[in-house]
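An overview of the molecular structure
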Amino acid sequence: MSDDHETGHTEGEVWPELEKAEKLARGAALKWASGVFYRPDQLERLAQYRKRETQRTASIQLRLKSAVQSHLEGVGWGLEQLRSAREAAREAARALEEARAGSRENAEGFRSLDHLREVAFRHEQLLAAVSNLPRLCSVPAVVAETRRLIKTRQLLEAHARLMEMESWQNSVLWQLQRVRGGAPSPEEEALVLGYFAGVKQLGEALATELWAVIGSGLSLVRQDPTPFVSAVRIIEREESMDQAFLEERAAGSRALLPPGRPRQWRARFFGVIEEAIATRFRATYLDIRGPGLASHLTALQNSIMSDLIAVKHLLEQCCPPHYRIAHTYLIMCHKCLWTHLQQVISWDLDSSEIFTVLKWVLHIYHGPEMMGHPDLCSEVEAEELKPLISQEALEKLQMKYVNTVRSSVSEWMHKALEVELTDWQRDQEPETDHEGFYHTSMATIITQMLEENVRVALMISEALRDQTILMGLYEMESFLNRFQERLVAFGKEHQKDRTTPKYYVHYLLAAINNCIILKSATESLQQQRSSASPCLSSRTPPSPHVALEKAIKRACHLVIDELLWEVQPQFLHVLCRSWLGDSELMDSLCGAVEQHCNLYSRAREPCQKQLVTESQWALVVEYVRALMQKRMVCRSAEERGHLAERMVQDAQQLQELFLIMAGNEESGSGQRQLGGELLKVLPALAEIVRLKDPSMLTLEVSGLVAKYPDISEEHVSVLLDVRGDVPREVRGTVLEMLETSAPPLPPGYRPIFTNILVPPPSMPFCLPTVKCA
């Protein structure tokens, strides 16, 4: 019953898990047994199986008993250890209680030693005061002597005295610390520092004198480098002392860091050098706006190079090698120069000033005259120097330069155009060049101005050259558009009064030559520009060639208009009855044409040849227009033959005239071919008039339409009217054939009849005007 109580179960209690496990085991055993003894012949081995299972069960029970016995023995040993530990703890508690009681008994005896400790502390203070009394008494005299040495710039001696007094001060503070066993009280430290207050003032005075010497180091080393060398030695002494104190503290020393340490005078040395450089920039270059910028940059260059070379050859010998004073000085100059140039480029600079700055920054500064100087190029790598002007600022400055030049170019082009307009009104012929061609100053001014700006821009960079070229092309295009407008206005003014200006055609030819010169200049600019160069903006690329062609075409058109006006009196009588018997009329016309076209020799090629061609074309069209006006209607076959023969003669005479105007044999051959093709229209029309059999007109007109597909029914109808003998049926057949054929214009064909108007036909069956009235 007690065992059941210890396990927490009564005799009648059964675990549900145990009952479930037993059932599963019995079921598994029955299943196994039914499987094993399923056949009757296996029942004989039942006794063997029973004996084997009995042995296995006994073995398992034996192992279980052994494991439980081992566990119980371990539990007993652990209980024994716990009993031993409890006894040991009780013994330690009794010993501690006895020690605590003894400590309380001895504490009363130590209290009598506090007075003795205080007396010993005061005795040590008195001993420290007596031992330092001679030094303390000499402090005022040493301070006065040190002050005198500083004023006379005997810096090394003054620094030695200062270090001596600082050593006394530190010694007193250390002794106080040793006596007290820790940091001295604030009152004691204030008392010592107050007594040595003159030492602190001397340190400040010496530092002031040192920085004055360092700041004027460049001028001193050129005369007497002794003060500068002394200052550097003092700085190195102080740096060594700072390092020693810091290393002592890092090693775990309990010594206090002396007041004012670390001084870091070496870092201050480089700061003073940089301040001196910045002061030189501020003091020397306060106001350099205007035309003095180039002189200022030149003076700046000379000053910087003089300083850097003095640093390299003089100042560097006065400093320790690890200072790298030449390298450091150069970096500081670069930094100050960068700051100075940021101020310069923020001003409102004109184009010449921008050019000066860009050239100085991009070429002179990095050239052999400055940073590339043999004495300096080994001191600093190009990568260590950041650009004097950032890429963004450089691009803005270049864009500002281009815009400023653009404004100047636009103004000069406007002035050149105004001078050109004034020249057009002169009462004398334009000047001729060495080749005999008319010209004015306009083309020369514009060409030289653009070329000069491109040449100057190239001195800065190819990118700036390309931007300047692109700007010039834009301005050229704008100028040529204005020039074309002035040509149109010039022609309109002349049409109002044909007598003014006197040399109208001459100046038109000069304008054509100027355009040809500008075309050559434009092509030269485009060839110089890099193909990979981007446009200045999102605008469409400039097209000065298109504007040039338009201006040339407009000037040529005005010249041809003037020719037609001059021969208009002769053309009023062409193809009239009086014209058939008057051979001098065509001679007079050809004479007027020749006199006019002789001026074309003053025009440059290819416009000279173009003017001759256009003149021939205009005369042929004018001749055909006179024919279409039906000034003469033939009354007989004889008149038709006479009219056709005269038309062929006129065509030959015009062709010979233009062959003579062509000049040489080679050009005459080309002109003969071109003029022959053009003048063939007159014999072709003459054949329509000469044809004796009207029934063959359909075939002849179809051939004419095949050669000149722009001829219309109205033009053919006028030709039939000029013949005067075409029956209505034949006319209808011819016109019907024209309606059905209407061939398209071939490529490259220049229409002749399209711009020739046909007078409206008279109304049939209408009575004369007089009778109607």
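All of the points below concern the structure found in this document. What you see is a predicted model, and the numbers here were worked out from it, not measured in a lab. (Residues numbered from 1 in each chain as written. Predicted model: local features only at pLDDT ≥ 70, side-chain atom pairs only at ≥ 80, totals over all residues. Heavy atoms only, no water.)

Right, let's get into the overall build of the chain. For the chain, the count of helices and strands is 28 helices and two strands. For the chain, with 773 residues in total, the buried portion stands at 40%. Sequence separation of at least 24 residues holds for 77% of the intrachain contacts in the chain that already meet a minimum separation of 6. Roughly 44,500 Å² of accessible area belongs to the chain as shown, and the carbon and sulfur atoms make up 56% of that amount. (Helix = DSSP H or I, 4+ residues; strand = E, 2+ residues; numbered from the N terminus. Buried < 20%, exposed > 50% of the residue type's maximum accessible area, 1.4 Å probe, protein only. Contact = heavy atoms within 4.5 Å. Areas by Shrake-Rupley, 256 points an atom, 1.4 Å probe, with all protein chains shown as cover.)

Bringing a nonpolar patch on the surface into the picture now. A surface patch of nonpolar side chains, amounting to about 270 Å² of accessible area, comprises Val75, Leu79 and Leu82. Overall, the relative accessible area of 59% leaves Leu82 in the exposed class. (Patch = residues over 30% accessible without salt bridge, like charges linked within 9 Å, V, L, I, M, F, W, Y side chains within 5 Å. Salt bridge = Lys/Arg side-chain N within 4 Å of Asp/Glu carboxyl O.)

So, on to the packing of aromatic side chains. The geometry of two aromatic rings is summed up by the distance between their centres and the angle between their planes. In total, this model carries 11 aromatic pairs according to the counting rule given. Ring-pair connections join several aromatic residues into one group, and the members of that group are Trp424, Phe479, Phe483, Phe490 and Tyr504. One cation-aromatic arrangement involves Arg268 over Trp211; the distance from NZ or CZ to the ring centre is 5.8 Å. (Phe/Tyr/Trp six-rings, centres within 6.5 Å; stacked < 30°, edge-to-face > 60°. Lys NZ or Arg CZ within 6 Å of the ring centre and 35° of its normal.)

Moving on, we get to unusual backbone geometry. Of all residues except glycine, most have a negative phi; of all peptide bonds, most are trans. A cis amide bond links Thr500 to the next residue, Pro501, at an omega of -10°. Tracing the backbone shows Pro501 in the loop between helix H16 (462-496) and helix H17 (504-528). Backbone torsion omega between Glu605 and Pro606 reads 5°, so that peptide bond is classified as cis. Residue placement: Pro606 occurs in the loop between helix H20 (584-597) and helix H21 (607-628). For Arg324, which is not glycine, the phi dihedral falls at a positive 45°. By the element assignment, Arg324 lies in the loop between helix H11 (293-313) and helix H12 (325-345). A residue is classified by how much of its surface remains accessible, and Arg324, at 48% relative accessible area, is partly exposed. Non-glycine residue Lys630 carries a positive phi angle of around 55°. Along the chain, Lys630 turns up in the loop between H21 and helix H22 (637-662).

Attention shifts here to the side chain of Arg723. With respect to the helices, strands and loops of the structure, Arg723 is situated in helix H26 (residues 713-723). For Arg723, the side chain forms a polar contact with the main-chain oxygen of Ile688, separated by 2.9 Å. Of note is the side chain of Arg723, whose polar atom sits 2.6 Å from the backbone oxygen of Leu691. In this structure Arg723 touches Cys634, Arg640, Ile688, Val689, Arg690, Leu691, Lys692, Pro694 and Leu697, once residues within four positions along its chain are discounted. (Polar contact = N/O pair within 3.5 Å; in protein donor to acceptor, adjacent residues only side chain to side chain.)

Right, let's talk about the environment of Arg148 for a bit. Among the secondary structure elements, Arg148 is positioned in helix H4 (residues 114-151). By relative accessible area, Arg148 is classed as partly exposed at 40%. Once the C-alpha coordinates of Arg148 and Ala158 are considered, the two residues, 10 residues apart in sequence, prove to be 8.3 Å apart.

Here we come to a negative patch on the surface. On the surface, Glu713, Glu714, Glu736 and Glu739 cluster together into a patch of negative charge. Secondary structure elements with two or more residues in the negative patch: H26 and helix H27 (728-741). Take Glu736: it is sitting in helix H27. (Lys, Arg positive; Asp, Glu negative; His and termini not counted. Charge placed at Lys NZ, Arg CZ, Asp CG, Glu CD.)

The next subject is the packing of helix H13 (residues 351-364) against helix H14 (residues 391-424). Relative to each other, H13 and H14 sit at 145°, their axes nearing to 9 Å. Regarding H13 and H14, the two cross each other, and that crossing is left-handed. Across the interface between the two elements, Ser351, Ile354, Phe355, Val357, Leu358 and Leu362 of H13 pack against Leu394, Leu397, Gln398, Lys400, Tyr401, Thr404 and Val405 of H14. (Axes fitted to C-alpha atoms, helices over the stretch in contact; angles between N-to-C directions. Left-handed = near helix turned anticlockwise from the far one by under 90°.)

The nonpolar side chains of a soluble globular protein tend to be buried, and buried together. By size, the foremost hydrophobic cluster in this structure holds 192 residues, and its most contacted members are Phe228, Phe269, Val357, Trp360 and Ile512. Setting aside residues no more than four positions away along its own chain, Val357 makes contact with Leu293, Leu297, Val344, Ile345, Leu349, Ile389 and Leu397. (Core = buried A, V, L, I, M, F, W, Y, C linked by side-chain atoms within 4.5 Å.)

Summed over all chains, the structure comprises zero disulfides. Here Cys333 is not disulfide-linked; the sulfur of Cys336 is the nearest cysteine sulfur, at 6.7 Å. (Disulfide = S-S within 2.5 Å.)

To describe two helices that pack against each other, one gives the angle between their axes and the distance between the axes. The interhelical angle for the contact between helix H25 (residues 697-707) and H27, taken along N-to-C directions, is 30°, at an axis separation of 9 Å. One finds that H25 runs roughly parallel with respect to H27. Two packed elements cross with a definite hand, and for H25 against H27 that hand is right-handed. Here Leu697, Thr698, Val701, Ser702 and Val705 of H25 lie close against H27, whose contacting residues are Val730, Thr733, Val734, Met737 and Leu738. For the contact of H25 with H27, the per-class residue count stands at seven nonpolar, three polar and no charged. (Parallel < 35°, antiparallel > 145°, perpendicular 65-115°, else oblique. Nonpolar A, V, L, I, M, F, W, Y, C, P; charged D, E, K, R; others polar.)

The terminal C-alpha atoms of H12, which comprises 21 residues, lie 30 Å apart, in line with the 30 Å expected from a rise of 1.5 Å per residue. In terms of burial, H12 is a largely internal element, 15 of the 21 residues being buried. (Expected span 1.5 Å × (residues − 1).)

Evaluation of the coordinates by the stated rule reveals 31 salt bridges. For Glu80, the salt bridge identified is with Arg83, shortest N-O distance 3.3 Å. Placement of the pair is Glu80 and Arg83 together in helix H3 (residues 46-110), with a separation of three residues, close to one helical turn. Since its relative accessible area comes to 44%, Arg83 is described here as partly exposed. In this structure, Glu316 and Lys312 form a salt bridge, with 3.9 Å as the shortest nitrogen-oxygen distance.

By secondary structure assignment, the location of Thr499 is in the loop between H16 and H17. For Thr499, a relative accessible area of 58% gives the class exposed. A distance of 2.6 Å separates the side chain of Thr499 from the side chain of Asp497, its partner in a polar contact.

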